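Single-letter residue listing:
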Amino acid sequence: MATLTHFNISWMILGLVLALGAVAPLAEARAFFVFGDSLVDSGNNNYLATTARADSPPYGIDYPTRRPTGRFSNGLNIPDIISAQIRQPQPPLPYLSPELNGQRLLIGANFASAGIGILNDTGIQFLNIIRMFRQLDYFEEYQRRVSALIGAQQTRQLVNQALVLITVGGNDFVNNYYLVPFSARSRQFQLPDYVKYLISEYRKLLVRLYKLGARRVLVTGTGPMGCVPAELAMRGTNGGCSAELQRAASLYNPQLVQMLREVNKKIGKTVFIGANTQQMHMDFVSSPQAYGFTTSKVACCGQGPNNGLGLCTRLSNLCSNRDQYAFWDPFHPSEKANRIIVQQIMTGSTKYMNPMNLSSIITLDSMA
């Protein structure tokens with residue numbers, strides 16, 4: 001009986017060693033966490049009662065499964081492409097996915113939710129979405145779940161060494177300040193004051209993210225909001241970009257970079273890295289042919305002027321070659337455009353990345 005007990009214990013120990021061996025390589029890899037809006041949502045909104053969803057065709061038409069996943073793209077989105085660049089085994093799952101458990105937790109998680117903004121009142125028309133404060137609450141909950149798996153100390157290390165991407169801000173203009181004429185926020189603030197308010201609120205979110213353990217955070221600015229097909233259709237100025245939304249972007253993005261510098265200085269190290277997505281987008285908006293696009297003014301999927309009105313649905317106009325379009329739907333870049341953006345994040349000069357690009361960060365961190 002004693003021999004049998006010893007035999008059983010030996011197998012239990014061997015099983016534990018094998019299990020830990022399976023977990024360890026992922027635990028040692030750099031995790032990836034994603035926060036923000038529809039530009040980076042990989043499907044969280046599929047699990048919510050909201051109209052801000054991309055869970056029906058033709059979304060996902062060029063995704064590997066050829067099926068909609070909740071990504072606001074014809075194929076891969078920015079987090080997917082960054083995941084491949086940092087050699088993750090697979091992109092982080094949406095936090096609300098029932099498949100996010102066990103070893104999959106150690107890869108990271110995507111907390112993003114389409115429709116949200118910096119402010120809690122942004123996107124109220126979409127009802128049940130994961131606002132930024134709640135995304136950070138979920139990040140805390142995530143860490144408790146991982147601590148139960150690998151312990152508190154290893155969890156802290158995993159989070160400290162992780163790469164974080166946060167993309168938020170555009171909806172605070174498009175789906176709040178400019179949502180309707182004489183919106184509540186536009187009556188409360190003149191545009192320059194609204195921008196200052198957004199930046200001050202964003203600072204609070206980033207400070208909380210730092211307190212939760214994030215140490216390498218890519219912070220994207222807004223794109224050229226006035227130049228997306230939806231705004232060309234609704235607010236275009238003399239056939240061109242919306243002057244008012246372009247003014248908002250030109251006020252907001254430099255102040256965001258300045259705020260990141262100030263927060264880094266206060267912390268005493270480079271935690272927050274600014275990605276000039278306005279410039280990245282403007283490159284192919286201004287010269288689409290130089291990047292292999294035939295147009296940056298018309299969405300691949302949509303209806304009305306510029307295919308810029310309403311949602312992308314089965315009944316929408318749909319282009320046959322998505323790679324020729326800078327925009328997939330009225331608001332979101334095509335997969336090809338997302339790849340161009342990520343390439344600048346990876347290797348772009350200080351014109352695009354401040355104070356350094358992601359490849360430089362990875363090199364620095366590998367030497368630490």
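Values in this document were obtained by computation on a predicted structure and should not be read as measured data.

Scoring rules and cut-offs
Residues numbered from 1 in each chain as written. Predicted model: local features only at pLDDT ≥ 70, side-chain atom pairs only at ≥ 80, totals over all residues. Heavy atoms only, no water. Phe/Tyr/Trp six-rings, centres within 6.5 Å; stacked < 30°, edge-to-face > 60°. Buried < 20%, exposed > 50% of the residue type's maximum accessible area, 1.4 Å probe, protein only. Lys NZ or Arg CZ within 6 Å of the ring centre and 35° of its normal. Axes fitted to C-alpha atoms, helices over the stretch in contact; angles between N-to-C directions. Helix = DSSP H or I, 4+ residues; strand = E, 2+ residues; numbered from the N terminus. Parallel < 35°, antiparallel > 145°, perpendicular 65-115°, else oblique. Contact = heavy atoms within 4.5 Å. Nonpolar A, V, L, I, M, F, W, Y, C, P; charged D, E, K, R; others polar. Disulfide = S-S within 2.5 Å. Patch = residues over 30% accessible without salt bridge, like charges linked within 9 Å, V, L, I, M, F, W, Y side chains within 5 Å. Areas by Shrake-Rupley, 256 points an atom, 1.4 Å probe, with all protein chains shown as cover. Salt bridge = Lys/Arg side-chain N within 4 Å of Asp/Glu carboxyl O. Left-handed = near helix turned anticlockwise from the far one by under 90°. Pairing = 2+ DSSP bridges.

## Regarding the packing of aromatic side chains
Applying the stated criterion to the full structure yields 19 aromatic pairs. Here the aromatic rings of phenylalanine 284 and tyrosine 291 are separated by 6.4 Å at their centres, their planes lie at 75°, and the arrangement is edge-to-face. For phenylalanine 284, a relative accessible area of 0% translates into the label buried. Owing to a relative accessible area of 27%, tyrosine 291 belongs among the partly exposed residues under this scheme. Here the aromatic cluster, defined as three or more aromatic residues joined through ring pairs, consists of Phe33, Phe35, Tyr95, Phe111, Tyr138, Phe139 and Tyr142. Directly above the aromatic system of tyrosine 210 lies the positively charged group of arginine 215, at a separation of 3.9 Å from the ring centroid.

## Thoughts on the packing of helix α11 (residues 335–347) against helix α12 (residues 358–367)
Contact pair α11 / α12: the axes reach a minimum separation of 4 Å and the direction vectors enclose 40°. By the angle between their axes, α11 is oblique relative to α12. Seen from α11, the contacting residues are Ile345, Met346 and Thr347; seen from α12, they are Leu358, Ser359 and Ile362. Across the contact of α11 with α12, the residue classes break down as 4 nonpolar, 2 polar and no charged.

## With respect to the environment of proline 305
Checked against the element boundaries, proline 305 lands in the loop between β6 (301–302) and β7 (317–318). Exposure remark for proline 305: the relative accessible area of 44% places this residue in the partly exposed category. C-alpha separation for the pair proline 305 and leucine 245, spaced 60 residues apart in sequence, amounts to 18 Å.

## Describing the state of the cysteines
One pass over the full model with this rule turns up 3 disulfides. The disulfide bridge from cysteine 300 ends at cysteine 319, spanning 2.1 Å between sulfur atoms. In this structure the cystine formed by cysteine 300 and cysteine 319 twists about its S-S bond by roughly -95°; its chirality is therefore left-handed. Of the two residues, cysteine 300 is situated in the loop between α10 (277–286) and β6 and cysteine 319 in the loop between β7 and α11; the sequence distance between them amounts to 19 residues. Of the two residues, cysteine 300 and cysteine 319, neither departs from the other in class, the shared state being buried. Along the protein chain, the cysteines that take part in disulfide bonds pair up as 1-2, 3-6, 4-5, counted in sequence order.

## Re a nonpolar patch on the surface
Taken together, the side chains of Met234, Leu309 and Phe331 define a hydrophobic patch exposed on the protein surface, amounting to about 260 Å² of accessible area. Here methionine 234 shows up in helix α8 (residues 229–235).

## Thoughts on the packing of helix α7 (residues 191–211) against helix α9 (residues 243–267)
It is at 9 Å that the axes of α7 and α9 come closest, and there the two elements cross at 35°. Along this stretch, α7 crosses α9, giving a crossing that reads as right-handed. Taking contact as the criterion, the partners of Leu191, Pro192, Val195, Lys196, Leu198, Ile199, Tyr202, Arg203, Leu206 and Tyr210 in α7 are, on α9, Glu244, Arg247, Ala248, Leu251, Tyr252, Gln255, Leu256, Met259, Leu260, Glu262, Val263 and Ile267. Looking at the contact of α7 with α9, its residues break down into 16 nonpolar, 1 polar and 5 charged.

## Details of the sheet that holds strand β1 (residues 32–36)
Read across the sheet, 6 strands follow the order β2-β1-β3-β4-β5-β8 without closing on themselves; strand pairing throughout is mixed. Lying at the two open borders of the sheet, with one neighbouring strand each, are β2 (108–110) and β8 (353–354). Pairing of β1 with strand β3 (residues 163–167) involves 5 bridges; the strand directions are parallel. Of the residues in β3, the one forming a bridge with glycine 36 is threonine 167.

Distances and angles like these do not, on their own, reveal function.
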